[in-house]
Every structure is written in structure tokens, then in C-alpha cells.
Amino acid sequence: MNPFKSDFLRVLDERGFIHQVSDPEGLDAACVKGPVTAYVGYDATATSLHIGNLISATMLHWFQETGHRPIALMGGGTSMIGDPSFRDEQRGLLTPDAIATNIEGIKRIFGRILRFGDKPGDAVMVNNADWLMDLNYVGFLRDVGRHFSVNRMLAFDSVKLRLDREQSLSFLEFNYMILQAYDFVELNKRLGCTLQMGGSDQWGNIVSGIDLGHRMGSPQLYALTTPLLTTSSGAKMGKSANGAVWLNGDLFSPYEFWQYWRNTEDADIGRFLKIFTRLPLGEIARLAALGGSEVNEAKKILATEATAIVHGREAAEAAAETARKTFEDGGLATDLPSIALPRAELAARLGALTAFVKAGLVPSTGEARRQVKAGGLRINDVAVTDERASLSEADLTSEGVIKLSFGRKKHVLLRLE
RNA sequence: GGGGGAAUGUCCCGAGCGGCAAAGGGGGCGGACUGUAAAUCCGCUGGCUAUGCCUUCGCAGGUUCGAGUCCUGCUUCCCCCA
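A. A look at the confidence of the model for chain A. In this model, chain A carries an average pLDDT of 89, and 93% of its residues clear a pLDDT of 70 or more. The ipTM, which scores confidence in the relative placement of chains, is 0.84 for this predicted complex, and the corresponding pTM is 0.89.

B. Quick look at the nonpolar core. If you look at the biggest cluster of nonpolar residues, it comprises 68 residues, and the most contacted ones within it are F110, L224, W261 and F276. Here this core takes 8 residues from helix α3 (residues 51-65), the largest share from any one element. Grouped together as the second largest cluster of nonpolar side chains are 31 residues, I71, F148, V185 and I206 included.

C. Representation of the sheet that holds strand β15 (residues 410-416) within the structure. With respect to topology, 5 strands assemble into an open sheet ordered β9-β15-β14-β11-β12, the strand pairing being mixed. Looking at which strands have only one partner, the edges of the open sheet turn out to be β9 (338-341) and β12 (382-383). Pairing of strand β14 (residues 401-406) with β15 involves 6 bridges; the strand directions are antiparallel. Each bridged residue has a counterpart across the sheet, and for I402 the counterpart in β15 is L414.

D. A look at helix α11 (residues 203-215). The end-to-end C-alpha separation of α11 is 19 Å, in line with the 18 Å expected for 13 residues at 1.5 Å each. In terms of burial, α11 is largely enclosed, as 10 of its 13 residues are buried. Among the structural elements, α7 (150-154), α10 (176-191), β5 (195-199) and β6 (222-226) are those in contact with the buried residues of α11. G217 sits one or two positions beyond α11 and adopts a positive phi of about 80°.

Rules of the game
Residues numbered from 1 in each chain as written. Chains lettered and ligands numbered in written order. Predicted model: local features only at pLDDT ≥ 70, side-chain atom pairs only at ≥ 80, totals over all residues. Heavy atoms only, no water. pLDDT = per-residue confidence, 0-100. Core = buried A, V, L, I, M, F, W, Y, C linked by side-chain atoms within 4.5 Å. Buried < 20%, exposed > 50% of the residue type's maximum accessible area, 1.4 Å probe, protein only. Helix = DSSP H or I, 4+ residues; strand = E, 2+ residues; numbered from the N terminus. Pairing = 2+ DSSP bridges. Expected span 1.5 Å × (residues − 1). Contact = heavy atoms within 4.5 Å.

As C-alpha cells, then:
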């Protein structure tokens, strides 16, 4: 199946996006023949997408780049249910309000990744609430539900985890797969969509859509999934100290985002450059081959390029510059993340432990206390040794800020307001 | 329908004679070493207005000076019989 003839599959393959494809030859031929329409669905589980979603969104980018039409599907309807795939327990139900706000947050990122419009080849954004919310229950069961075998659904790996574990799988969640399958068929009808892409955890849901298409008379549909990315040492991608690595700047600043990539493990550089940047493969091969401490140059390029896609070139350069001042000059970069501090609080002597909690560097004063013992907290680069230390105006640097550091890499400035 | 078992530190797994903030892992975080890497070693891994106070062992009651541990009911799950 290897040398693909279509630009799209070749690019995806070369860059390491492909985990599974249904009928690779058929899809390849279809992509050669003319523009294809494909979609990826995003449920409104948070106000922002995260790094994991970026992979599939990037596939949509290359899809468009190679002459096809991508659809970004907002899961306004499916989010009312919640995907149980590979989850070991039920999540709380999202309220309609939350879903609406989440979708607003999620939409923002696509403007940077896809080109939308009305011309052929322009990307389209749709919301499955448009066709799911008004379904008639009995009618839907008769038209669509009859095509699903419960026996078969129970055999899917995606629900096995839940079944094997002692957690119940509610009927509500059990329907998720059916609705997603229906989405695929509906998008085929409405927009001629014949390919659904997603993370490897979506394979079962996607294939169900293909089956449903067969039974309901759709043309041949295709599935393509990406591997679940892990770091070389086995950790799941996308986790940072504060939780997920979000794409929206209000949840995860461009500087933090840049830092996330800067700290990539050596062994992952090539793989990540191919997926998270748009650099040409030749350039990537050169960077990935760097040895010793030279790999740091490659990591900086990875960080800047990946950040530029998500936050814009300017923000990426600024983040790189802030990092350079902080880590390479050992100086004080005044555009490090900062929080405002009322002058009155400082005048009243602010407890050092409290200050670190306020800055969001540690979650509790208890944790701050422990870190003092471990030598992990510094004020203006001087280690805190006394739990009862406090801050005063005397601690302000000549730039008028106080720099709090947690560990070697996390820094926050307190800035008088 | 009947019988037997399980639920533990809100990341996961998992010990726990009635005195328990609760063994041990994994993961995570910090320190040392480095290159803002990996590997390795060391430490930490409920909260607070902190030599004390408060909240944790599926949920709700009860016995007891004292309950994760015993009793009752409930919820969810697993196994066997029908």
C-alpha cells in the first residue's frame, strides 16, 4: 500500500500522520481523481482545543493544501451525549450553555489553520446540532437504529474498557456511536463528504459510520486515523504541569506553549517537526540529525514554528525572545508571564508562600512549604529557605517587579498595579 | 429470583488485627547531574489563619471512648446457581 499516488496521502504518510486507513487504494484513487471532501469532528468538551486535537486539525490543513475541501464539524449535538470511547467512567453532562461557550472558544483556532470561504476548496464549518437536535425518536430508531447490532457494538474496544471495568455504560452514552455514524452519512448527503478523519480512538466510531453508509445507500465512505502520540519515554502527549496543553492563549499562553515544545525529548524532534510544523521534510531531516547540544537549535525551531501556527508568527518570536533572555542571558525578561499585585498588599508584607500560590506556581501553601524544603522556590533567583519569609517593596528589582521561580523553568513576575 | 464477593488517599493500581492522614507501587512535582533533553540517584506527593485545627476510605445511618476496619439499609460492579 505504500507509495501513494495522491499528494494528500503521500504527505500524510511521509509526515507520520497515518495510523489506520480503510481501503487505502480506494481512498488514494479517489484523491487522485479529483477534490474530495473530508471532515473531523470536535466535541465541545472545553473552551479550547488542545494539542491532541491539533494533529487532526493539521491533517485538515494538508488536506486543503493538497487541493481538497475540509469540513470542521462542531459537535454541538453530540456534546449533549458525551463520547464514551476509551473512557473508564461517565463524565458529567455538559449544559447547553457550556456547549455554546465551548464551541465559541474552539472555533477561534480554525481561522489560523484552514482557509474558509465560499469558493471551491474553501473550508466549511458546520454544527451537528443542526440535524441532531430535532430528530424524531421513533423515526430515527426505525431508519437508523435498526442498522446497528448491539452485539457488535459491545465488542468494540472503545467500550470494552468501560465494560471490563466495573463502570456502567449508560444508554445515553451508548448512543454516541450511532449519532456519530449518522453524522458521517448526513455530511455525505449534505456536502458530499466521503472521508472522516480523527484520532485512533475514533476508529470504531468512524467505521460505524462507513457501515451505516453502506446500509443506507451512501457512496463508499473512508476512514483515516492518526496514531496516539506519546513521547519517546512513553508519556501521553499534551500534559503539562497545569494540565492540558491548550491552544487558546487565555488558557495556555504563547510563552508556555513555546516552552512546552522547547522541552521536547531529543528522540522526538523529527517526529514532532513533521507533525506540528510545516517545514519541508528535507529541512526536518537535517534538524533531526543534529547531535549533542546542537539539538537545542532544532528544539527552538520546533517551538517557534509550532507556536507560530497556533498563535501567529509575532507571538512566537516574542516567546522565543523571552526565553532567550531568561535562559541564555540569565537576565530578567520583563515580558515573562506576570500577575498584578496591589501595592497595598506588598506594603503589608506579603507572605512568600502565599505569593507563590497567588502566582499560580504552586497549588497550595502546603505544597509551597514542601517545595521550600526541597529547594524548589526562588525569589529574584535567590532560593527561599525560610517558610515565613515575606515580600516587601525592598524586593522590587530595578525594573519594578519581583521574579518568582518554581523549579528551573517556571517563572512568574509580580508586577505592581 | 437465589447465593457469594468487590468499592481505599477525587490521576491510576493496591495493602490495610477497632487507635490511620492510612503500607507499597506507577504517575506527577522538586533537587543533583546535564544541553531548558533522556537515563540515573535523592526528596516530596490531603487542606489551613499550623507545634494545633479541619476534611478523606461508594452513599446513609448505627454500635463504640474511638470505625477504612464491626452491624443495618441503599447504590454500582463482578462471579456462581435458576
